[in-house]
Number of protein chains: 2
Amino acid sequence: MALPGFVYGGLIASLVDCHAIGTAAAAVERAAGRAIGDGPAPRFVTASLHVDYLKPTPLGPELELRARAREVGGRKVVVEVSVSAGGVVTARGEVVAVRMPDTMKGGV
Amino acid sequence: MALPGFVYGGLIASLVDCHAIGTAAAAVERAAGRAIGDGPAPRFVTASLHVDYLKPTPLGPELELRARAREVGGRKVVVEVSVSAGGVVTARGEVVAVRMPDTMKGGV
């Protein structure tokens, strides 16, 4: 539900998802001794997404997302994400990212 | 991450969130012996959102969301949601909805 003056929770979930998927790819590349850009990045999709909305996120201040890969496997990466507005953490997320199944690669 | 031919996971999370919040309000009204529309509906916000992406959700078929309030309290409602495309369940979600804090009501 969107309320005037606050960031919609679905948008926060989307930001968490997006940042976590990028982090998963970067973490796997780093673990393999490569940097993003060295070659085709591994593609991940979201297996599960969890977001705790700790407090309302104000609309206006710049939002900062920080992510950390807590578990890096060949097929699965678990990423923790925080969302801050004006230096205050307003949401925390956890994403389980898995390597993209071949069935999804057709259109890419 | 969005892929051609599939519904973006962040959008699925938004649908789950939105449908769960509406269901929470309806469940509380029903528990009080009222129907939505009988009076001002109780306002809920999302405390936490969890989505399991069981399989890719194809872009094209009509999506069906079904929600059920598993736990209905005065302040907190837990809602389970399924997302189906063409009769196949592609995602399941769980939302903890809480009554809107007074601090968020200013702009409404």
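Let me begin by describing the structure that accompanies this report. (Residues numbered from 1 in each chain as written. Chains lettered and ligands numbered in written order. Predicted model: local features only at pLDDT ≥ 70, side-chain atom pairs only at ≥ 80, totals over all residues. Heavy atoms only, no water.)

**A few points about the interface of chain A and chain B**
Quoted interface sizes are often the accessible area lost when the parts come together. Basically, it comes down to this: Contacts were defined at the residue level, with two residues in contact if any of their heavy atoms lie within 4.5 Å. By convention, the term buried area covers the 1.4 Å-probe accessible surface removed from two parts as they join, with the contributions of both added. Salt bridges are defined by distance alone: a side-chain nitrogen of Lys or Arg within 4 Å of a carboxyl oxygen of Asp or Glu. Polar contact is defined as a pair of N or O atoms within 3.5 Å, subject to the rule that within protein one atom must be able to donate a hydrogen and the other to accept it, and that residues adjacent in sequence are counted only when both atoms are side-chain atoms. All amino acids are sorted into three groups, where Ala, Val, Leu, Ile, Met, Phe, Trp, Tyr, Cys and Pro are nonpolar, Asp, Glu, Lys and Arg are charged, and the leftover types, Gly among them, are polar. One requirement defines pairing of two strands: DSSP has to find at least two bridges between them. Every helix listed is a DSSP run of H or I at least four residues long, and every strand listed is a run of E at least two residues long, numbered separately from the N terminus.
Listed as interface residues are 29 residues of chain A and, on the opposing side, 29 residues of chain B. Interface of chain A and chain B: buried area, both sides summed, is about 2,300 Å²; carbon and sulfur atoms make up 62% of it. The tally of links between chain A and chain B comes to 0 salt bridges. For the interface between chain A and chain B, the tally reads 7 residue pairs in polar contact (both at pLDDT 80 or more). In the side of chain A that touches chain B, the residues fall into 19 nonpolar, 7 polar and 3 charged. Two strands pair when backbone bridges link them, and strand β1 (residues 44-53) of chain A and strand β1 (residues 44-53) of chain B are joined in this way by 5 bridges, in the antiparallel orientation. Bridging across to β1(B), V51(A) finds its partner in L49(B).

**Points about the relation of the copies chain A and chain B**
Using the following cut-off: When the copies are overlaid, the least-squares fit takes in C-alpha atoms only where the residue has pLDDT of at least 70 in both copies.
Between the two copies, chain A and chain B, the superposition gives an RMSD of 0.0 Å; the rotation angle is 180° and the shift along the axis is 0.0 Å. Taken together, the turn and the small shift mark the pair as related by a two-fold rotation axis. Identified as the residue of chain A closest to the rotation axis by C-alpha distance is H50(A), at 2.2 Å. By residue overlap, the copies meet face to face through one surface: 100% of the interface positions of chain A are interface positions in chain B.

**Details of the packing of helix α1 (residues 9-31) of chain A against helix α1 (residues 9-31) of chain B**
What counts, and what does not: The axes used here are C-alpha line fits, helices contributing only the stretch in contact, and every angle between their N-to-C directions lies in the interval 0 to 180 degrees. Here is the rule for angles: anything less than 35 degrees is roughly parallel, anything more than 145 is roughly antiparallel, 65 through 115 is roughly perpendicular, and the remaining ranges are oblique. Should the near helix be turned counterclockwise from the far one by less than a right angle, the crossing is left-handed, whereas a clockwise turn marks it as right-handed.
Their axes nearest at 8 Å, the elements α1(A) and α1(B) cross at an angle of 150°. Taken together, the axes of α1(A) and α1(B) lie roughly antiparallel to each other. α1(A) and α1(B) meet at a crossing whose hand is right-handed. Packed against α1(A), whose contacting residues are G10(A), L11(A), A13(A), S14(A) and D17(A), the element α1(B) presents G10(B), L11(B), A13(B), S14(B) and D17(B) at the interface. Taken together, the residues of the contact of α1(A) with α1(B) break down into 4 nonpolar, 4 polar and 2 charged.

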